[in-house]
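# Observations on the model geometry
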Amino acid sequence: MQETGDYPIKRDSIRKIVNRQMNLSKPLRSAARLVHTIFLQCRARLPRQRCRTFSDASDSQQSGIGPIFIINLDRQTDRWTDMRRELACILDASGGPLSERAARYSACDAQVDPAEFPDSADVDPFYTLGDQLFVEPEPRVVPAEFDLERPIRMSQAEVAVARSHVGIWKEIAQSSAPYTLVLEDDVWFERSFGRTLEKAWSEMENADRASPKFDILYVSYGEVRHGTPKELLSTNVFRPERGLWYLSGYVLSKKGALALLDLLPCRGPIDLWINHKFGELDVRALRRSVVNQRRDLHSTNSYSVLPTLNRIGMLDTGSTALFHRRATHRPVFAFGAQGSGLSSLAMGLSMLGYRCCSDFENIPECEFERLLEGRTDLVFDAYVNIGSLSSQIRLLTQRYPNAKYIVIDNVAKSADGNEGAMLGALEGADVLHLHRENANSWRVLCEHLKLSPPDARYPSIRDIGLRRHYRLPLVRETISPARRLRHDPSPWIATPRAGWVGICARASKEQESSVSSRVCFEDDLDEIQTARWLLRNDTFPGNLGLFRPANVTPAVSGGLALSVVEESVGVRKFSAAAISSRGSFLFGRFEATLQATNVPGLVTGFFLHRDSPRQEIDFEILGNQPDHLLVNVFYNPGTEGAKFDYGYRGTPAIIKLKFDASKALHRFAIEWDSCEVRWFVDQKLAHRRATWDPTPIPHLPMTLHVNTWPTRSRELAGRLALRSLPASAILRRVAVDAYNADLPAHSPPAVRASSLFPGHRVPVSVMA
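Residues numbered from 1 in each chain as written. Predicted model: local features only at pLDDT ≥ 70, side-chain atom pairs only at ≥ 80, totals over all residues. Heavy atoms only, no water.

### So, the overall build of the protein
Secondary structure assignment for the protein yields 16 helices and 40 strands. Residue pairs in contact within the protein that sit at least 24 positions apart in sequence constitute 79% of those at least 6 positions apart. (Helix = DSSP H or I, 4+ residues; strand = E, 2+ residues; numbered from the N terminus. Contact = heavy atoms within 4.5 Å.)

### Focus on the pairing of strand 13 (residues 244-253)
Burial within strand 13 is extensive, with ten of its ten residues counted as buried. Relative to strand 13, strand 8 (residues 179-184) is paired through five bridges, and the arrangement is antiparallel. Bridging from a neighbouring strand, Leu181 pairs with Val251 of strand 13. Note: strand 10 (residues 216-223) against strand 13, six bridges, orientation antiparallel. Residue Glu223 lies in a different strand from strand 13, and its bridge partner there is Leu244. (Buried < 20%, exposed > 50% of the residue type's maximum accessible area, 1.4 Å probe, protein only. Pairing = 2+ DSSP bridges.)

### Looking at unusual backbone geometry
That bond from Leu264 to Pro265 is cis: its omega, 15 degrees, falls within 30 degrees of zero. Within the element layout of this structure, Pro265 appears in the loop between helix 7 (254-263) and strand 14 (266-267). Cis geometry marks the peptide bond from Arg330 to Pro331, where omega comes out at 0 degrees. When you line up the elements, Pro331 lands in the loop between helix 9 (306-312) and strand 17 (332-336). One non-glycine residue, Trp692, adopts positive backbone phi at about 65 degrees. Relative to the helices and strands, Trp692 is located in the loop between strand 38 (684-690) and strand 39 (703-710).

### Re helix 5 (residues 156-174)
Counting along an α-helix, one turn takes 3.6 residues, and residues three or four places apart therefore face a common direction. For helix 5, with 19 residues, the first-to-last C-alpha span of 27 Å sits near the 27 Å given by 1.5 Å per residue. Among the 19 residues in helix 5, 14 count as buried, and that is most of the element. (Expected span 1.5 Å × (residues − 1).)

### Observations concerning the sheet that holds strand 18 (residues 356-360)
Strand pairs in the sheet, formed through backbone hydrogen bonds, run parallel or antiparallel to each other. Spatial ordering of the open sheet is given by 18-19-17-20-21, a layout of five strands whose pairing is parallel. A strand with exactly one partner marks an edge of an open sheet, and here the two such strands are strand 18 and strand 21 (430-434). Strand-to-strand twist in this sheet, taken as the mean axis angle between neighbours without regard to direction, amounts to 15 degrees. Examined bridge by bridge, strand 17 and strand 20 (residues 404-408) share five bridges and lie parallel to one another. Among the inter-strand pairings, Phe333 is bridged to a residue of strand 20, identified as Tyr405. The strands touched by helix 10 (residues 342-351) are strand 17, strand 18, strand 19 (382-386) and strand 20; relative to strand 19, the strand with the most contacts, the crossing angle is about 170 degrees. (Axes fitted to C-alpha atoms, helices over the stretch in contact; angles between N-to-C directions.)

### Brief notes about the pairing of strand 34 (residues 628-634)
The buried count for strand 34 comes to seven of seven residues, which makes it a mostly enclosed element. Burial of the side chains of strand 34 extends over both faces: His628, Leu630, Asn632 and Phe634 are buried on one face and Leu629, Val631 and Val633 on the other. Where strand 33 (residues 615-622) and strand 34 come together, five bridges link them in antiparallel fashion. Across the sheet, Glu616 pairs through a bridge with Phe634, a residue of strand 34. The antiparallel hairpin formed by strand 33 and strand 34 contains five residues in its connecting segment.

### Brief notes about the packing of aromatic side chains
All told, the structure shown has 26 aromatic pairs when counted by the stated rule. Relative to Phe619, the ring of Phe606 has its centre 6.3 Å away and its plane inclined at 15 degrees; by these criteria the two rings are stacked. One end of the pair, Phe606, is in strand 32 (residues 602-610); the other, Phe619, is in strand 33, and 13 residues separate them in sequence. Grouping residues by exposure puts Phe606 and Phe619 together as buried. A connected cluster of aromatic rings, assembled from ring pairs, spans Phe333, Phe380, Tyr383, Tyr400, Tyr405, Trp500 and Trp692. The ring of Phe680 has Arg589 lying over it, and the distance from NZ or CZ to the ring centre is 5.6 Å. One Lys or Arg, Arg614, reaches over the ring of Phe634 and ends 3.8 Å from the middle of that ring. (Phe/Tyr/Trp six-rings, centres within 6.5 Å; stacked < 30°, edge-to-face > 60°. Lys NZ or Arg CZ within 6 Å of the ring centre and 35° of its normal.)

This is the structure in structure tokens:
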């Protein structure tokens, strides 16, 4: 079940909302970006405009804007150059270019080590959905049905932006300049900028009978979708009550800077928080935004409110949300002592966009031979802690002279056991030597790979150790062959190729030695145990319906009916049904006895799911073909809280059943362990995936879900048959035999047979 979207769907709506709310320009295709860049550069050849509002500080008769601050990251000096070129196209009152009065302000950088990015007393990193809806009211949302006060934590990027603006306010408060223009480094000026600002300034001088008395004047903004409540002050100036997004271009008076500092701490993203303070400030805005954001630059910001907006239905279409970063220096080879952080390094490389193979005694022969031959058509970008490669280092340095190498800790303790030989083989190669004390740092790793760190903490996970790779048995007894469908183009999906079936492996001794408790239960659902189950009242972009607890009702023959009804529920025109576990599980066997609906446009789902990072294992039955089964895996890297939620297709495969799943009850089961996922129908193996076939196996705790919902995508389940509504799926029984979620990642090795499932035998090839 695709919690953040489904199959091909329109993206314009979500982009418009995100653009307005999150200070994010609509992305352009490569050709359009190039045209936009050329357009901006060609403007420098046009006659320069003049804006007399930028007065000469020596002219005591003039009341105007003095200095200009540009917020710019130290690692993006090209943007500072572009901004100076942009400002050089505008002349001040004395005829000098504005670039001469521009000062660069070194922005706080979220992409640094957490130890160097402490929380600040000036910024409270928590805010709520209620704070968001105050700025952008959503008339279709029924607030009572949502937790308006649940805290949302700002992303590190949002905290960095806020701290940068606050830092500038402090400088303005200590300066002698009455007015200062503050700009972010990704903007450009309309040709009407100078003329509009001059008229607005004159109108404010006349109204105030002196120098303008505002605290802050917006010259760049985006109004909320339903319009900003405002008071018109003059032809070119209005006073907003709230509802202005962006803080990428504004004039701040000295008294305004002092007032803002008195109102700190900033609670939530800076452009959201300042809307809450409009009533305590003299805020004004030009009649329209005359400073725009560049559309040829990728935003590096990370928006913490988007998952919440997804769940309440304010974002009603999906997006690919593709991961733009790709490995540039490849391949990467890493070796080191067991227990020194090799698995954390492998996860870190994955978070940087590398397709990383890690922690195996050996790898499939086809990939091993390609490496020894020096081929470039490799399945992976990085190889970490691969035992069979430690004796081939000298050959690898010859085959890949431009490769990056990483050695952690005392390599004498590695699988090779020969420190001198390993270091000697690496002589002359591009090697990064890491020790225990600095092996958990983005800085040294990213400097070696010439990449910017992600907006997430460096991962810290228990070392997996060396897993044993084995050949998959030739006989793969499944109910019918699976047909792979179009999948996400993410770096964590192995490119399909002939003969590649992933890496079949058994858990390492390190994994097997983990001690953990299990949870086992079998629930006939005649009565909903509220301590165990949650009836959902949210939604997601690809869902035409809003989940409502009232749509989960007792079925006539026992169990629960999960219904879809055509009715207006504010954010959606349909209501749907979903039940999910309150607890999370890490590996185990999950079984549901259910009867799907056969209404085109509806989906019946039984799946495991989590966000941040998003991982998912799906069973889905599609209303337009209930004699087929859709299985799917979503994988994103990281540890708990890492905001890697990319992709909306996953890696789906469809399997033909020998029956119509809407005609009777059937047993569907998912077996999930650290090295493989298996899907069963009526105790028969339907599909199996080893790691990297084509994704890694999800490795973090997930909750269990069963639902029925109307999909936005006709490609997925057909056109919604309105005349067949209401319609229901039947859920008769759920059984779980799994590990508790309060475990270290990568812990238990395999699912063991349980007395809950007497008719089931775990395949011998899976057992350690």
